[in-house]
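Here is what each chain is made of, one letter per residue.
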Number of protein chains: 2
Amino acid sequence: MGYHPLPLTRLIEQFASLPGIGMKTAQRLAFYILTLSDQEAKDFANAVLEAHSTIKHCEICKNFTDTPVCGICSDPARDHSVICVVEDPKDVSAFERTREYKGTYHVLHGLISPMEGIGPDQLYIKELLERIQSGTVKEVIMATNPTVEGEATAMYLSRLLKPLGVKVSRLAFGIPVGSNLEYADEVTLYKALENRSEI
Amino acid sequence: MGYHPLPLTRLIEQFASLPGIGMKTAQRLAFYILTLSDQEAKDFANAVLEAHSTIKHCEICKNFTDTPVCGICSDPARDHSVICVVEDPKDVSAFERTREYKGTYHVLHGLISPMEGIGPDQLYIKELLERIQSGTVKEVIMATNPTVEGEATAMYLSRLLKPLGVKVSRLAFGIPVGSNLEYADEVTLYKALENRSEI
């Protein structure tokens, strides 16, 4: 990346190590950091350190939290008999943005993927079973992505959970709202047809 | 951006404050920081603080450096009679990557832009004049971008510098190597025609 003094090279490399950040973007971000005031640079570094040291996985749902139990799990207004199982905390944010879901979550922090050597033991699956065995849960919604790994994980979990006498459901597949039939792939279109509802 | 504990929200906001980083990317980067080891998170924060505190503008050319005078200005093998004037340190990197330029640089840290309220006094122009008045400089190459501001700054500087008896040149405009005539804009094509060379 051309000629840079060592501390600048190190900062560029740190930015470039972030996912989706290439060398050119990393250089641009590092140069921007140099234009910050002393206080702004300290605030940035402290935000990294503080988030990293204080954010843990919620004792119950494993979502990110800065308290032992997260705000959703400790909210008596939420429906604790419903658990929405998601791959990672980004998905919780997505559901919360809908402002419609009133149940709780369970964050697996990954999906079963034999290709990447990720088995059920590396995910928070044991902890999900324990929550269901406690007896208050009535329904578990499988909200993993509609990918090979997402489907496989949903299937694996539903086979584990059904014998426990809990209702297991899966997110609906179909045409995205506001999209165009022309651009829908065959599988999505077939699913939309199959799961049609009366109007 | 949905539901996040405060330290995580702060980190996302810090990333989102960087140029070209939107909220979705900021969230992805912040989540990635949380997956780092303690040491990796410390290294990242330290790289920010160390670069910010140690990187200054070179006393001579104003490029980024962690020593009072940068490696290029203090290199006796470089041709100190030629100065290449650029907008910012990214441009120095670009020239250094060619491995062909053996002169020195002068980094303006911006361009004259009445629209943005940036006048000559806010750039390192006085310092460029001082370098030329010292008497060892024979040629100044205007290497600002071929934009309105870049052209205006180059014109402004050349009018300041020519009375000092120094040769002032401008980067050649023309067809980029490896490109296609079809996609060249009219002004570039006209410049390429005008500046044609005998073969």
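Use the structure listed above.
Rules behind the numbers
Residues numbered from 1 in each chain as written. Chains lettered and ligands numbered in written order. Predicted model: local features only at pLDDT ≥ 70, side-chain atom pairs only at ≥ 80, totals over all residues. Heavy atoms only, no water. Core = buried A, V, L, I, M, F, W, Y, C linked by side-chain atoms within 4.5 Å. Buried < 20%, exposed > 50% of the residue type's maximum accessible area, 1.4 Å probe, protein only. Helix = DSSP H or I, 4+ residues; strand = E, 2+ residues; numbered from the N terminus. Contact = heavy atoms within 4.5 Å. Least-squares fit on C-alpha atoms with pLDDT ≥ 70 in both. Axes fitted to C-alpha atoms, helices over the stretch in contact; angles between N-to-C directions. Parallel < 35°, antiparallel > 145°, perpendicular 65-115°, else oblique. Nonpolar A, V, L, I, M, F, W, Y, C, P; charged D, E, K, R; others polar. Polar contact = N/O pair within 3.5 Å; in protein donor to acceptor, adjacent residues only side chain to side chain. Pairing = 2+ DSSP bridges. Salt bridge = Lys/Arg side-chain N within 4 Å of Asp/Glu carboxyl O. Disulfide = S-S within 2.5 Å.

S.K.: Got a minute to help me understand the nonpolar core in this structure?
M.R.: Counting 40 residues, the largest nonpolar core has F15 and F44 of chain A together with F15 and F44 of chain B as the members making the most contacts within it. Going through the elements one at a time, helix 1 (6-16), helix 2 (23-35) and helix 3 (38-54) of chain A together with helix 1 (6-16), helix 2 (23-35) and helix 3 (38-54) of chain B are the ones with two or more residues in this core. Setting aside its immediate chain neighbours within four residues, F44 of chain A contacts F15 and I33 of chain A together with Q14, F15, L18, F44 and V48 of chain B. Listed in part, the 17 residues of the second largest apolar core include V85, I112, L128 and L161 of chain B.

S.K.: Please clarify how the environment of L111 of chain A should be interpreted in this entry.
M.R.: All names here are of chain A. Within the fold, L111 resides in the loop between strand 4 (103-107) and helix 5 (125-133). Sequence-wise, L111 and Q122 are eleven residues apart; in three dimensions their C-alpha atoms are separated by 9.1 Å. Setting aside residues no more than four positions away along its own chain, L111 makes contact with E87, I118, L123, T144, T147, E149, G150 and T153.

S.K.: Is there a simple way to explain the relation of the copies chain B and chain A in this structure?
M.R.: Put simply, the two copies of the chain differ by a rotation about an axis and a shift along that axis. Structural alignment of chain B on chain A gives an RMSD of 0.1 Å, achieved by rotating through 180° and translating 0.0 Å along the axis. The superposition operator between the copies reduces to a two-fold rotation axis. Considering only C-alpha atoms, the residue of chain B closest to the rotation axis is A45 of chain B, which sits at 2.2 Å.

S.K.: What's the story with the packing of helix 2 of chain A against helix 4 (residues 89-98) of chain B in this structure? I'm lost.
M.R.: Working note: a packed helix pair is described by the angle between its axes plus the distance between those axes. In contact at an axis separation of 11 Å, helix 2 of chain A and helix 4 of chain B are set at 140° when each is read in the N-to-C sense. Classified by the angle their axes make, helix 2 of chain A and helix 4 of chain B are oblique. The residues of helix 4 of chain B that touch helix 2 of chain A, namely those facing K24, Q27 and F31 of chain A, are P89, K90, S93 and R97 of chain B. The class makeup of the residues in the contact of helix 2 of chain A with helix 4 of chain B is two nonpolar, two polar and three charged.

S.K.: Whenever I open this one, the side chain of H52 of chain A confuses me. Can you help?
M.R.: Of note, H52 of chain A is situated in helix 3. Of the polar contacts made by the side chain of H52 of chain A, one reaches the backbone oxygen of S37 of chain B; its length is 3.5 Å. Among all residues touching H52 of chain A, those that are not within four sequence positions of it are I33, L34, L36, S37, D38 and A41 of chain B.

S.K.: How should the sheet that holds strand 4 of chain A be read in this particular structure?
M.R.: Either a parallel or an antiparallel arrangement is found when strands of a sheet pair, and the pairing is made through backbone hydrogen bonds. Residue and element names in this part refer to chain A. An order of 4-3-5-6 is seen for the four strands of this open sheet, with the pairing classed as parallel. Bordering the open sheet on either side are strand 4 and strand 6 (167-170), each of which pairs with just one other strand. Direction aside, neighbouring strands of the sheet carry axes that sit 25° apart on average. Here strand 3 (residues 79-86) pairs with strand 4 via five bridges, running parallel. Each bridged residue has a counterpart across the sheet, and for V85 the counterpart in strand 4 is H106. Strand contacts of helix 5: strand 3, strand 4 and strand 5 (139-142), with the helix running at about 150° to strand 4, the strand carrying the most contacts.

S.K.: What exactly am I supposed to notice about the interface of chain B and chain A here?
M.R.: Often, the extent of an interface is quoted as the loss of accessible area on bringing the components together. Each partner contributes to the interface: chain B provides 53 residues, whereas chain A provides 53 residues. For the pair chain B and chain A, the interface holds two salt bridges. E50 of chain A is the salt-bridge partner of R10 of chain B, the closest N and O atoms lying 3.8 Å from each other. The interface formed by chain B and chain A includes eight residue pairs in polar contact (both at pLDDT 80 or more). Elements supplying a minimum of two residues to the side of chain B that touches chain A: helix 1, helix 2, helix 3, strand 2 (64-65) and helix 4 of chain B. It is helix 3 of chain B that provides the largest number of residues to the side of chain B that touches chain A, a total of 13 residues.

S.K.: It is not clear to me how the sheet that holds strand 3 (residues 79-86) of chain B should be interpreted in this structure. Could you clarify?
M.R.: All names here are of chain B. Spatially, the four strands line up as an open sheet ordered 4-3-5-6, and their pairing is parallel. A single partner strand is all that each edge strand has here, and the edge strands are strand 4 (103-107) and strand 6 (167-170). The average undirected angle you get between the axes of adjacent strands in this sheet is 25°. Packed onto the sheet, helix 5 (residues 125-133) meets strand 3, strand 4 and strand 5 (139-142) and runs at close to 150° relative to strand 4.

S.K.: I keep staring at the environment of G22 of chain B and nothing clicks. Help me out?
M.R.: Residues and elements named next belong to chain B. Locating G22 in the fold gives a position in the loop between helix 1 and helix 2. Classification of G22 by relative accessible area gives partly exposed; the value is 35%. Considering only alpha carbons, one finds G22 and G71, 49 residues apart in sequence, at a separation of 35 Å.

S.K.: What should I look at first to understand the state of the cysteines in this one?
M.R.: Every disulfide links exactly two cysteines, by a covalent bond between their sulfur atoms. Per the counting criterion, the structure on display carries zero disulfides over all chains. C61 of chain A forms no disulfide, and the closest cysteine sulfur to it belongs to C70 of chain A, at a distance of 3.7 Å.

S.K.: I would appreciate a short explanation of the environment of T188 of chain A in the present structure.
M.R.: All names here are of chain A. Checked against the element boundaries, T188 lands in helix 7 (residues 186-194). Sequence spacing of T188 and V148 is 40 residues, and the spatial spacing of their C-alpha atoms is 14 Å. Contact partners of T188, with chain neighbours within four places excluded, come to G174 and I175.

S.K.: Mind showing me how you'd approach unusual backbone geometry here?
M.R.: Across the chain, the bulk of peptide bonds are trans and the bulk of non-glycine residues have phi less than zero. Residue and element names in this part refer to chain A. Not every positive phi belongs to a glycine, and K62 is a case in point at roughly 70°. For K62, the position within the fold is in the loop between strand 1 (56-57) and strand 2 (64-65). Classification of K62 as buried rests on a relative accessible area of 11%. With a phi angle near 60°, H109 is a residue other than glycine that sits in the positive phi range. Residue position: H109 is located in the loop between strand 4 and helix 5.

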